[in-house]
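In case you want the letters, here they are:
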Amino acid sequence: MTALASVRALLARRPYAFAALLTLTLLLIDIAVQPAFAAPSNWPAVLASFAPLACAAMASTPAILSGGGGIDISIGPVLTLVNIVIVADLLPNGLTSPLLVVPICLAVGAAIGAINGFMVAVLRFQPVVATLCANIVVGGLATQVQGGSVPTGSTGWTKDLAGSFGPVPGALLTIGAPLLIWVLLARTPFIKALYAVGGDDATAYSAGMNVPVVRIAAYALGGLYAGIAGIALMSLISEGAASMATQYTLLAIASVALGGTALSGGRGSLVGSLLGAGSIYLINNLLNEVNVSTLWSTAIYGALLLFAVVVGAVLTNTRRRTA
Amino acid sequence: MSDTALTDTPAAPETAGGRPPLVAQLSDWQRRFPLLQIVALVALYGYGLATIDGFGSHRVLYAILINASLLGLAGAGQTIVVLVGGIDFSIAAFISAGDVVIAELCGTYHWSVPAAAAVALAVGAAGGLVNGLLSFRFKVEPLIVTLGVSALVSGLLLKWINGAATGVTPAWLGDLTAANGTTFGLAIPPVVLIWALVALVIGLVLTRTRAGRHLYLTGVNQQAAKLSLVRVGRTWICAYVASAVLAVCVGILLAGYSGSGNVTVGDPYLFQSLAAVIVGGTMFGGRGDYWRTVLGALVLSVVALLLSAAQLPSAEQQMITGGLILAVVGLYGRERRLRDRI
């Protein structure tokens, strides 16, 4: 019992510890099942296939942290839109320099995020409503930009992002960028303001905080991260794929929740979402490695997700019945 | 006082004070009765009548009604779950489950329809039970639980049929959703009457019975509900079971509509069922009722038909739909100002 109690105490202090434990366990199982998985030569490919989900999970986090039922279900369409814009609009028109492409992608993502934030914080739409509509509109926009056929294309630096820059796996850049931005922002008052607003917006407002600005910034930051996720996805698959939007939206939100972030806002962390995404990625990876029939893999993924959240809930004291 | 659920208290005097009496009166009515939803529906239908030839014909009306019936039934469960304070992302999977189970059992294994329907409904009830139990007992976010159950159900389904549905549904099941169908000699598609009946029952249960009041109370404030001797857990779980069972019923109807089983038939309803609830004006946690979702489903179906009549590419249809939902919901479905919640 004391061991369980100390695990609970740890999880109460560090909500992402459960996701960390789960990721580590799954990683060890993966390596045990297929030792080649851990080979350094394999890292760039593994990280590159992990990067889109990792960034999408981190993109979903700020909106959820900002509280008030905050959630962004337009992350999936935004990242596929960015992906398609690169492949269908930028590359064919000779805009291949990363100094040009990356800022455009980040601007597209952040702009859509800021519009979402504006709808939530200023126009006072419920976040689910605002971002569901954004999901529908951006999804339509992505389909339109994609056109009739699936566009394909890549260029030097996107291939490197999916592979490696010299000895450094390229995906470390796409996964590391959101974390770096977060760490830099933590030096400003913004992150503290975000947790304050997410914890209790009325109290934050009474304390003189500019709640709408903090919320808009949170959604814009999520959009920016979704832009990075779009770049990561584009470099991975080198084609436009509007149909993958829903899948990424749902997996990203599942990652955030698995990472110990409360969907009620104000509690959780970016690292947790990254670890949550890691668990989901490793579950799917494991199912591929052990040659489970693809027919079984969806069911097993669902069962493992349920198992993981229930075990996480049992272990985490704070989430138990206090109602 | 930061509890958003208090919004629904009629005629908050401090907001009424700052507005002209007529506006305050109207907004008071809007809180009790879906006025603007009806205005939006009439305006959209009138726009169709004015601009599109033959929009008033029976054929078009029935197309709208059949579409709205399926959407409204899919949104019925979502309404109940949203009212109790949860959300259900497994509706799409249960619709597919109902569809495939009926098509396979009847078409491939030659079961009778009632037996197959019983199996499908049992699958729904069991899945809803898992949804409700896990999210209540362990206090896991319902969004994640329903996503997990959704993957589990559609995965098992996929394995059972080995990737491709082969069954064909009995012909009479298709008559239920046929636009030229008749009910007891009346020239109304049976599915529309089924929907009307279900709407009547759910509407009455929500507003006129103890179970309905327990549902609202649980949605507004679980702690207060528990102290008022409401069995919060049972109410919560029943809401999820009802949602899954209703979704399975939609799946059975869809199997008749398309004539064969299809594991992806429910996918569009993942967000559409939520959109119908939202357009209707039901808000999370005890604000709203099923009549609003009925209006929401009708509004969405009229919009869908208007757009397809305009022969726009599907991408543009999608964008306009999103914008219209936002515009319509903006009329009535917004949160209170932060400064009014302190």
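Below you will find a few notes about this structure. (Residues numbered from 1 in each chain as written. Chains lettered and ligands numbered in written order. Predicted model: local features only at pLDDT ≥ 70, side-chain atom pairs only at ≥ 80, totals over all residues. Heavy atoms only, no water.)

A few points about the packing of aromatic side chains
Aromatic ring pairs are reported here in terms of the distance separating the ring centres and the angle at which the planes meet.
For step 1, the next point in the chain: Applying the stated criterion across every chain, the model contains 5 aromatic pairs over all chains.
For step 2, the next point in the chain: Relative to A:Y281, the ring of A:F50 has its centre 5.2 Å away and its plane inclined at 45°; by these criteria the two rings are tilted. Of this pair, A:F50 sits in helix α3 (residues 43-65) while A:Y281 sits in helix α13 (residues 270-289); the two residues are 231 residues apart in sequence, bridging distant segments of the chain. Just as A:F50 is buried, A:Y281 falls in that class too.
For step 3, the next point in the chain: Between B:Y109 and B:W160, the aromatic rings sit 6.2 Å apart at their centres with planes inclined by 10°, giving stacked as the arrangement. Linking B:Y109 in the loop between α5 (91-108) and α6 (113-137) with B:W160 in helix α7 (residues 142-160), this pair joins segments that are 51 residues apart in sequence. (Phe/Tyr/Trp six-rings, centres within 6.5 Å; stacked < 30°, edge-to-face > 60°. Helix = DSSP H or I, 4+ residues; strand = E, 2+ residues; numbered from the N terminus. Buried < 20%, exposed > 50% of the residue type's maximum accessible area, 1.4 Å probe, protein only.)

What to know about a nonpolar patch on the surface
For step 1, the next point in the chain: Taken together, B:Y109, B:W111, B:V119, B:V123 and B:W160 make up a surface patch of nonpolar side chains, about 450 Å² in accessible area.
For step 2, the next point in the chain: On the basis of relative accessible area, B:Y109 is assigned to the partly exposed category, the value being 46%. (Patch = residues over 30% accessible without salt bridge, like charges linked within 9 Å, V, L, I, M, F, W, Y side chains within 5 Å. Areas by Shrake-Rupley, 256 points an atom, 1.4 Å probe, with all protein chains shown as cover. Salt bridge = Lys/Arg side-chain N within 4 Å of Asp/Glu carboxyl O.)

Considerations on the packing of helix α4 (residues 75-90) of chain A against helix α6 (residues 127-146) of chain A
All names here are of chain A.
For step 1, the next point in the chain: Between α4 and α6, whose axes approach to 9 Å, the crossing angle comes to 20°. Put simply, α4 runs roughly parallel to α6. In this structure, the crossing between α4 and α6 has a hand that is left-handed. Residues P77, V78, T80, L81, I84, V85, A88 and D89 of α4 form the contact with α6, whose own contacting residues are N135, V138, G139, L141, A142, V145 and Q146.
For step 2, the next point in the chain: Among the residues forming the contact of α4 with α6, the class breakdown is 10 nonpolar, 4 polar and 1 charged. (Axes fitted to C-alpha atoms, helices over the stretch in contact; angles between N-to-C directions. Parallel < 35°, antiparallel > 145°, perpendicular 65-115°, else oblique. Left-handed = near helix turned anticlockwise from the far one by under 90°. Contact = heavy atoms within 4.5 Å. Nonpolar A, V, L, I, M, F, W, Y, C, P; charged D, E, K, R; others polar.)

Examining the pattern of salt bridges
For step 1, the next point in the chain: Taken as a whole and judged by the stated rule, the model has 2 salt bridges over all chains.
For step 2, the next point in the chain: For the salt bridge of A:R215 with A:D201, the shortest nitrogen-to-oxygen distance reads 3.2 Å. Here A:D201 lies in helix α10 (residues 201-206) and A:R215 lies in helix α11 (residues 211-237), a separation of 14 residues in the sequence.
For step 3, the next point in the chain: By relative accessible area, which is 8% here, A:D201 ends up buried.
For step 4, the next point in the chain: Linking B:D289 and B:R292 is a salt bridge whose minimum nitrogen-to-oxygen distance equals 3.7 Å. Each member of the pair B:D289 and B:R292 is classed as buried.

Regarding the interface of chain B and chain A
For step 1, the next point in the chain: With 52 residues of chain B at the interface, the matching set in chain A holds 51 residues.
For step 2, the next point in the chain: Around 4,700 Å² of area is buried between chain B and chain A when both sides are counted, 75% of it from carbon and sulfur atoms.
For step 3, the next point in the chain: In this structure, the connection of chain B to chain A is made through 0 salt bridges.
For step 4, the next point in the chain: Here chain B and chain A share 2 residue pairs in polar contact (both at pLDDT 80 or more) between them.
For step 5, the next point in the chain: Those elements that place two or more of their residues in the side of chain B that touches chain A are α6, α7, α11 (222-227), α13 (269-280) and α15 (314-332) of chain B.
For step 6, the next point in the chain: In terms of residue count, α7(B) provides more of the side of chain B that touches chain A than any other element does, 13 residues in total.
For step 7, the next point in the chain: Taken together, the residues of the side of chain B that touches chain A sort by class into 28 nonpolar, 11 polar and 13 charged. (Buried area = accessible area lost by both parts, 1.4 Å probe. Polar contact = N/O pair within 3.5 Å; in protein donor to acceptor, adjacent residues only side chain to side chain.)

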